[in-house]
Amino acid sequence: MDQVKCHHITMQTLASTGNFQKAFDKFFEVMKQLGEELSPNVDPSIIFPAMYATKNDLNKYSTEDLMNVPKMTDKKKQWAMTFMDSIIPCVFVISPLFLPTIANRMMSLSLRYGLTKESAFGLYSYCYCLGCMLQDIDEGYHWIKVTRLMLERFNATELCPKLKLVQYSFLIYMKEPL
């Protein structure tokens, strides 16, 4: 796993220096090594069915049920979640249509293998796609509130500013008075 950590630092460095495509390429290389291969080619015809499948999976959970999902223990899956969380800013720049793929995969792994602090950003990304693509503001708002609880559960206070920034830049302002 030390090599994976080095790849993560490399990917973050590439992204922070504006080498988004190289960071994106590194992401796909490492995800394959972690057993979570993703295609960089986005097929718009599968985006909506995948979004609805994730919506159906999540709707099986109440807020309390979701918060009681065990913590993820599989190290490879944890690293996959970390890589997906880290690549999201690059996705917005070079391949915005890839965001639903990331969000759906993060939620699928979270529901199947357990939650990590990165699950909050997977859920936020899903909410963003839910609002933008499916126009379901109410459900997106409901799940956005759950992202805050996830960070509290993991005592991930260092991630709260990042989460609040993205939450308040989209969706919350539609439901809560400024």
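Before reading on, note that the structure itself is shown above.
Reading the values: rules and limits
- Residues numbered from 1 in each chain as written.
- Predicted model: local features only at pLDDT ≥ 70, side-chain atom pairs only at ≥ 80, totals over all residues.
- Heavy atoms only, no water.
- Patch = residues over 30% accessible without salt bridge, like charges linked within 9 Å, V, L, I, M, F, W, Y side chains within 5 Å.
- Areas by Shrake-Rupley, 256 points an atom, 1.4 Å probe, with all protein chains shown as cover.
- Salt bridge = Lys/Arg side-chain N within 4 Å of Asp/Glu carboxyl O.
- Helix = DSSP H or I, 4+ residues; strand = E, 2+ residues; numbered from the N terminus.
- Buried < 20%, exposed > 50% of the residue type's maximum accessible area, 1.4 Å probe, protein only.
- Contact = heavy atoms within 4.5 Å.
- Expected span 1.5 Å × (residues − 1).
- Bend = angle between axes of the 7 residues up to and from the residue.
- Polar contact = N/O pair within 3.5 Å; in protein donor to acceptor, adjacent residues only side chain to side chain.
- Axes fitted to C-alpha atoms, helices over the stretch in contact; angles between N-to-C directions.
- Parallel < 35°, antiparallel > 145°, perpendicular 65-115°, else oblique.
- Left-handed = near helix turned anticlockwise from the far one by under 90°.
- Nonpolar A, V, L, I, M, F, W, Y, C, P; charged D, E, K, R; others polar.
- Phe/Tyr/Trp six-rings, centres within 6.5 Å; stacked < 30°, edge-to-face > 60°.

## What to know about a nonpolar patch on the surface
- On the surface, Phe92, Val93 and Ile94 cluster together into a nonpolar patch covering about 240 Å² of accessible area.
- Counting through the fold element by element, Phe92 comes out in helix H5 (residues 75-94).
- Residue Phe92 is classed as partly exposed on the basis of its relative accessible area, which comes to 38%.

## Overview of the side chain of Thr147
- If you trace the backbone, Thr147 turns up in helix H8 (residues 137-153).
- Filtering out sequence-adjacent residues up to four positions away, Thr147 remains in contact with Ala120, Leu123, Tyr124, Leu163 and Gln167.

## Focus on the side chain of Lys26
- Within the secondary structure, Lys26 is located in helix H2 (residues 20-33).
- Residue classification places Lys26 among the buried positions, given a relative accessible area of 15%.

## Digging into H5
- When the terminal C-alpha atoms of H5 are compared, their 28 Å separation across 20 residues agrees well with the 28 Å that a helix rising 1.5 Å per residue should span.
- Considering bend angle alone, the principal kink of H5 is centred on Ile88 and spans about 45°; proline Pro89 follows within four residues of it.
- You can read the cap of H5 off the contacts: a side-chain oxygen lies 2.9 Å from the backbone nitrogen of Lys76, and it is on Asp74.

## Thoughts on the packing of helix H3 (residues 44-58) against helix H6 (residues 99-113)
- Two numbers describe how H3 lies on H6: the axes approach to 10 Å, and their chain directions differ by 30°. With respect to H6, the element H3 is oriented roughly parallel. Relative to H6, the crossing made by H3 is left-handed. Here Ile47, Ala50, Met51, Thr54, Asp57 and Leu58 of H3 come into contact with H6, specifically with Pro100, Asn104, Met107 and Leu111.
- A per-class count over the contact of H3 with H6 returns seven nonpolar, two polar and one charged.

## What about the packing of aromatic side chains?
- This model, assessed by the stated rule, comprises eight aromatic pairs.
- Summarising the aromatic geometry, the rings of Phe28 and Phe98 are spaced 5.4 Å apart at their centres and angled 65° between planes, so their arrangement reads as edge-to-face. Separated by 70 residues along the polypeptide, Phe28 in helix H2 and Phe98 in the loop between H5 and H6 bring together distant segments of the chain. Residues Phe28 and Phe98 agree in their burial class; the two are buried.
- Aromatic side chains Phe92 and Tyr128 sit 5.4 Å apart centroid to centroid with 75° between the ring planes, which places their arrangement in the edge-to-face category. Separated by 36 residues along the polypeptide, Phe92 in helix H5 and Tyr128 in helix H7 (residues 119-133) bring together distant segments of the chain.

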